[in-house]
Each structure stands twice: as structure tokens, then as C-alpha cells.
Amino acid sequence: MASKLKTAAEVVATIPDGAHLALGGFAIARNVLAVVHELIRQRKCDLTLSQCVMGLDTDLLVGAGLVRRLMVGGGSLDRFGLVQCVNRARETGEVESLDYTSLSICFSYLAGALGISFIPIKSMMASDVLDRLEHGPGRDLVRRMNCPFTGEPYLLLKAIQPDVSLVHVQVADEQGNCQIHGPRWENEEQAKAAQRIVIIAEEIAPTSLFQQHPTRTIIPAHRVEAVIHQPYGAHPTSVFSCYDYDSEHLKLYVEHARTREGVKRYIDEFILGTRSHAEYIEKAGGTRMIEKLKADPVLGY
Amino acid sequence: MEPVRTNEIMAVAGARELRDGETVVVGLGLPQVACVLARRTHAPGLTALLEIGVVNTNPIDTPVGLADSRIFHGATCWSGFLDILGMNLHRGVVDVGFLGALEIDRFGNINTTLLKDDTGKTKFFNGSAGGNDVASLAKRVIVIMRHEKRKLPAAVAHITSPGFAGGKSRAELGLRGGGPHRIITDMAVLGFHPETRQAMIVSVHPGIRVEQVRENTGFPLLDAESVPVTPEPASEELRLLREEIDPKRVYLG
């Protein structure tokens with residue numbers, strides 16, 4: 001069977017401006033930064049991004065001016081700070097932010113993954129979260145209905161089916177079978193809702209690994225379009241069982257992201273100033289940094 | 001023994017709100033500390049769920065947030081949002097939701113989304129994440145936060161996570177969960193009046209006067225008949241907190 005291995009540059013070249021991308025990161029864990037950097041290098045613009053909990057991946061794309069719309073449950077960089085670029089863009093109106101909740105984004109992905117056009121939910125009611133959606137850009141995405149069996153009032157959410165789902169995993173084979181080690185937040189339903197699934201893997205293993213532990217396969221190969229092999233592809237965020245988050249680099253980013261000029265300087269130096277993820281890793285600290293962050297095999301961090 | 005600190009009083013008050021055998025959805029910080037303390041004392045059968053997909057974490061190193069691998073350690077199950085917030089919370093089996101807040105008002109409505117400054121300019125924050133879901137669906141909600149007037153306005157700038165919005169009952173609001181039950185602050189424990197659904201003082205911490213609590217609240221607080229003092233932590237609770245649960249005082253301060 002032909003290998004689905006591609007480089008980040010090759011995959012990003014096939015992503016059109018205006019695409020809806022589902023980002024598989026959660027705050028400072030398993031962010032799809034290898035692809036985010038390449039999206040910035042190739043200046044893919046006018047993007048819609050969706051995610052349950054935004055992190056560095058979203059903040060960078062918004063900071064680079066490439067995002068038109070967000071569909072998200074929330075976001076932060078944990079104790080390192082807020083998603084400053086996202087918040088600034090919401091304040092100026094540069095980005096249209098459809099602010100849901102974690103469960104409602106997850107349910108919307110689930111509907112998309114199941115091929116049903118809407119899904120009922122009992123969250124968001126009687127809140128300003130719903131009010132802002134219903135009276136704003138989300139008005140075409142929510143409806144109300146009484147259950148036809150019980151009469152109970154429900155909110156209905158339109159299904160979300162992204163154009164491309166990007167998920168960073170610990171191990172995949174060349175056909176796209178992949179495993180996520182540790183909690184998987186909304187990655188399964190998020191990926192399976194999308195038209196195209198792109199996997200970024202720390203490690204490539206033979207298919208026989210997946211045949212030995214088939215319960216651990218979270219997305220089977222037949223659904224996957226491309227596999228990008230990128231060790232440290234989520235740096236400076238963490239990948240459980242591979243490496244810890246990089247506190248120093250996260251603090252550096254947060255400091256830069258306080259202003260537009262600052263985030264531009266960060267992007268110029270670390271992303272536009274490097275031609276590949278390997279060069280970025282070198283610039284971000286290279287071998288010494290890698291050794292420091294490498295996970296303890298028992299603890300996973 | 002070292003004198004008791006306010007965060008320790010808050011952690012213990014939080015732990016004592018939890019009953020053995022209950023299922024709790026919890027965020028990081030003092031709520032997590034309270035859960036661990038409860039499991040080590042009167043509630044060994046407590047189940048703590050983290051929204052990202054962690055059941056009964058047993059961390060040995062202090063995490064910086066929910067996305068820190070340290071919080072995955074020793075769990076009995078790793079899953080995701082669909083399991084925790086869907087098949088537990090939405091399903092209706094979560095007894096307690098432990099939330100943080102930028103602001104909370106007299107009807108227990110929580111704001112984690114935005115604040116407006118005096119010029120009317122809006123500043124955005126973390127948003128809901130799982131907060132709205134928990135406030136909508138948990139059987140009862142407990143908030144732990146600092147007691148400051150600006151954090152306790154008469155009405156929050158934005159209802160991210162509803163309490164008794166507009167003073168209405170949960171049934172009127174169409175919300176399945178029971179709503180806010182306790183606000184634990186560094187000055188007092190607040191509850192909600194069963195009929196008016198407004199915040200009231202349940203107890204005041206040792207050394208704090210009722211007047212201080214009122215001065216630092218942005219709305220009139222209903223009294224209980226008489227105002228008890230929040231029970232002091234027991235020496236075993238303090239020992240557990242200081243020596244085993246948060247020895248580096250990352251959350252206990």
C-alpha cells in the first residue's frame with residue numbers, strides 16, 4: 001500500500017484560503033504547531049478555526065492575522081496566561097468569535113462525525129453564552145425545540161464538519177493508523193467530523209504494532225489522508241510520554257504576545273525566520289532543550 | 001504548629017462540602033486540593049473527574065493546569081470530553097461541580113468570559129470551557145474564590161455559567177442541574193436562600209467580622225438567623241495538606 005507520509009509543507013500547500021481547520025490541541029498540550037508554523041509561512045488566510053479549548057496553536061494563527069472566525073469552547077495557556085492574541089482580536093472585532101462551551105463544541109463535532117445535521121443539548125440555556133450566539137454570528141447555528149417524546153425544551157446545535165482536522169499523536173503507521181497516549185479531549189469526534197484528517201506523529205511504527213494492540217487505535221487508516229512525521233512537532237506544548245511543555249519558551253511567547261509588535265517579532269524570528277520545523281527546534285534550543293524536556297518513560301513527562 | 005492560613009480554611013471548607021461516594025467534576029487549584037483532602041479523610045469513595053478525560057488522578061508532582069501531563073498520572077481511566085462532560089455530566093450523574101469565577105453575583109451567576117472597564121471597553125478572558133456545562137448540569141455547584149467587591153457585583157457583566165438567572169428557579173430556566181450551592185471565599189462561606197435564591201452568609205471564617213464580609217460584597221447579603229464561625233481545620237487535615245497534598249504550597253499559598 002502506498003505510504004501517506006507527507007511533509008507539513010506539502011500538506012499545507014493543499015489547504016485553501018478560507019478553509020475551516022479543526023485544531024487538535026488543548027491549551028498547552030499536543031498543539032499542532034508543526035502545521036501551524038507552515039500555515040503561517042505559506043500565509044494561508046481567512047481561516048475558520050474550531051476547538052474545544054484553544055491554546056498556543058490558535059493564538060499564533062490569530063496573532064499572524066490569518067483567522068477570520070473562531071468556533072470555540074474557551075481557551076488559555078494554563079498558568080502561563082491568557083490567549084492574548086485571540087482576546088485582542090475579539091476586542092477589535094478582527095476575528096468573529098463564536099463562543100460556545102466545551103461540551104457544545106464536542107457535541108457539534110459528534111453530530112458531524114455521525115453524519116447527523118443537528119444534535120440536542122441541555123447546556124448553554126439561560127446564559128449569555130447562548131444569548132451572544134443567538135443574537136450574533138451564531139444565529140444560524142442554534143435552534144430551540146421541545147422534545148417530541150417528553151416535551152422538554154432543548155437547544156439544537158448545527159453539526160460542525162471542518163474541512164481539515166489536524167491532530168498531533170504519539171505514534172502512527174505510514175497508512176494513518178494512530179494512537180493517542182493519555183487523555184484525548186475531543187480528538188476522536190473532531191477528526192471523524194472532518195472531510196480530511198491529517199495526523200502529525202512523533203513516531204512512525206510498523207502496522208504490526210497496531211495489529212498487536214488494536215484497541216488503542218483511535219483513528220483507523222482508511223479515514224486518514226496524510227501522516228506528517230514530526231518529532232517535537234508540538235513544541236513548546238507537551239506530548240504525554242514524549243516530552244514536557246517548555247516553560248521558558250512559553251513564557252517568552254506570552255511576553256511577546258502582550259503586543260501586536262511583540263507577536264510579530266516572535267513570528268519573524270521563530271517561524272518566518274526558519275524554513276522547517278527542524279530549523280525551528282534548533283532556534284528554540286536544539287539538542288540541549290530536547291534533552292531537558294524529554295519525558296521520563298514511567299511518568300510520561 | 002504553624003498558624004492556619006486562609007487558603008487552608010478554604011480547602012478544608014471545600015473538602016467538607018463533599019460526601020463519600022459522590023462524583024465531582026473539578027478544575028485545578030484549591031478545588032483539586034479540596035477533592036484530594038476529602039478522599040484522604042471522610043470521602044475515600046469520592047470520584048474526581050477532569051473534563052479533558054481523566055478519572056481519579058493521583059499526581060505526584062504539582063501541575064500548572066489541566067493540560068499538564070502531571071495531572072494525568074495515576075488515573076484509573078483516560079478518556080475525553082464526550083465521556084466526562086457527555087456521559088457523566090450531561091447524563092446526570094455528577095453530584096458536584098467545582099468552579100472558579102472572575103465574577104459571581106447574588107443569584108450565583110458566574111462570569112469567566114469578559115469584563116467591561118469604566119470606559120466601556122471590553123476585555124476578554126478564558127471563556128466557558130466546561131464551566132457553563134457544569135453550571136447547567138451538575139446537581140450542585142461550589143465556587144472557591146477571593147472575596148472582593150469587584151468579584152461579587154450585584155449582576156455579573158456576562159452570564160457565562162448560570163445560577164438562578166433573574167432570580168428564577170432552575171425548572172423555570174429549563175436547567176437540569178440544581179444550581180449554585182456554596183461560594184467559599186477567603187472570608188466566609190456563602191449559600192443561597194431556598195426561597196429567594198439570593199446569596200446569604202452561612203459562616204464567617206475565624207477572625208473575620210460580618211461587617212468585613214458585607215463591605216467586600218457588591219450586593220446586600222442575606223444573613224442566616226445567627227452567623228456561625230467556619231469550623232477550624234482539624235490538625236490531621238492540616239497535616240495532610242501541608243505534608244502530603246501540597247507541600248510546596250503551590251495552591252495553599
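Residues numbered from 1 in each chain as written. Chains lettered and ligands numbered in written order. Predicted model: local features only at pLDDT ≥ 70, side-chain atom pairs only at ≥ 80, totals over all residues. Heavy atoms only, no water.

All names here are of chain A. Spatial ordering of the open sheet is given by E6-E8-E7, a layout of three strands whose pairing is antiparallel. Both outer strands of the open sheet, strand E6 (118–121) and strand E7 (142–146), are each paired with one neighbouring strand and no more. Ignoring strand direction, the axes of neighbouring strands in this sheet form an average angle of 35°. Two strands pair when backbone bridges link them, and E7 and strand E8 (residues 153–158) are joined in this way by five bridges, in the antiparallel orientation. Within E8, the position partnered with arginine 143 by the bridge is leucine 156. Where helix H5 (residues 102–114) meets the sheet, it contacts E6 and E8, and its direction lies at approximately 145° from that of E6. (Pairing = 2+ DSSP bridges. Helix = DSSP H or I, 4+ residues; strand = E, 2+ residues; numbered from the N terminus. Axes fitted to C-alpha atoms, helices over the stretch in contact; angles between N-to-C directions. Contact = heavy atoms within 4.5 Å.)

What follows deals with H5 of chain A. All names here are of chain A. For H5, built from 13 residues, the straight-helix expectation of 18 Å at 1.5 Å per residue is met to within 8% by its first-to-last C-alpha distance of 18 Å. With respect to burial, H5 is a largely interior element, eleven of its 13 residues being buried. Residues Ser102, Leu103, Ser104, Ile105, Cys106, Phe107, Ser108, Tyr109, Leu110, Ala111 and Gly112 constitute the buried set of H5. Taken from the residues just after H5, glycine 115 is the one with a positive phi, measuring 75°. (Expected span 1.5 Å × (residues − 1). Buried < 20%, exposed > 50% of the residue type's maximum accessible area, 1.4 Å probe, protein only.)

Pairing is possible between side chains of opposite charge, provided their charged atoms come close. Residues and elements named next belong to chain B. What the rule picks out here adds up to 31 salt bridges over all chains. Across the salt bridge formed by glutamate 8 and arginine 242, the nearest N and O atoms sit 2.7 Å from each other. With glutamate 8 in helix H1 (residues 6–16) and arginine 242 in helix H7 (residues 235–245), the pair connects residues that are 234 residues apart, well separated along the chain. Neither glutamate 8 nor arginine 242 differs from the other in exposure class; each is buried. As a salt-bridge pair, arginine 19 and glutamate 22 come within 3.8 Å of each other at their nearest N and O atoms. For glutamate 22, a relative accessible area of 7% puts it in the buried group. Three or more residues joined by partner-sharing salt bridges are found here, namely Arg40, Glu236, Arg239, Glu243 and Glu244. (Salt bridge = Lys/Arg side-chain N within 4 Å of Asp/Glu carboxyl O.)

The next subject is the side chain of threonine 57 of chain B. Relative to the assigned elements, threonine 57 of chain B resides in the loop between strand E3 (54–55) and strand E4 (77–78). At 2.8 Å, the side chain of threonine 57 of chain B forms a polar contact with the backbone oxygen of isoleucine 71 of chain B. (Polar contact = N/O pair within 3.5 Å; in protein donor to acceptor, adjacent residues only side chain to side chain.)

This brings us to the packing of aromatic side chains. Residue and element names in this part refer to chain A. Under the definition given, this model contains ten aromatic pairs over all chains. On the numbers, 6.4 Å between centres and 75° between planes, the contact of phenylalanine 270 with tyrosine 280 is edge-to-face. Here tyrosine 280 lies in helix H11 (residues 277–283) and phenylalanine 270 lies in helix H10 (residues 260–272), a separation of ten residues in the sequence. Three or more aromatic residues link up through ring pairs in this structure, and these residues are Tyr253, Tyr266, Phe270 and Tyr280. Looking at lysine 122, its charged tip hangs above the ring of tyrosine 154, at a distance of 5.4 Å from the centre. (Phe/Tyr/Trp six-rings, centres within 6.5 Å; stacked < 30°, edge-to-face > 60°. Lys NZ or Arg CZ within 6 Å of the ring centre and 35° of its normal.)

Attention shifts here to the pairing of E8 of chain A. With four bridges joining them, E6 of chain A and E8 of chain A adopt antiparallel strand pairing. For isoleucine 119 of chain A, the partnering residue across the bridge sits in E8 of chain A and is leucine 157 of chain A.

A separate point is H1 of chain B. Along an α-helix, residues three or four positions apart point the same way, because every turn accommodates 3.6 residues. All names here are of chain B. Most of H1 is tucked away: nine of the eleven residues are buried. Residues of H1 that are buried: Asn7, Glu8, Ile9, Met10, Ala11, Val12, Ala13, Gly14 and Ala15. Looking at the buried side of H1, the elements it contacts are helix H2 (30–40), strand E5 (96–99), strand E10 (140–144), strand E11 (180–184), strand E12 (188–192) and H7.

When its volume is computed, the largest pocket comes out at roughly 1,400 Å³. For the largest pocket, the lining is made up of 44 residues, of which Gly27, Leu28, Gly100, Ala101 and Asn126 of chain B are closest to its centre. When residues of the lining of the largest pocket are traced back to their parent elements, those giving at least two are strand E4 (67–75) of chain A together with H1, strand E1 (23–26), H2, E5 and helix H4 (131–137) of chain B. When grouped by side-chain class, the residues that make up the lining of the largest pocket number 23 nonpolar, 16 polar and five charged. Lining the second largest pocket are 20 residues, and of these Val36, Pro59, Ile60, Glu244 and Ile245 of chain B sit closest to its centre. Listed by contribution, the elements that provide at least two residues to the lining of the second largest pocket are H2 and H7 of chain B. Ranked by residue count, the leading element in the lining of the second largest pocket is H2 of chain B, at five residues. (1 Å grid on protein atoms, 1.4 Å probe; cavity = no way out; pocket = protein on both sides within 12 Å on 5 of 7 lines; lining within 4 Å. Points joined across faces, edges and corners; volume = space filled by probe spheres on them. Nonpolar A, V, L, I, M, F, W, Y, C, P; charged D, E, K, R; others polar.)

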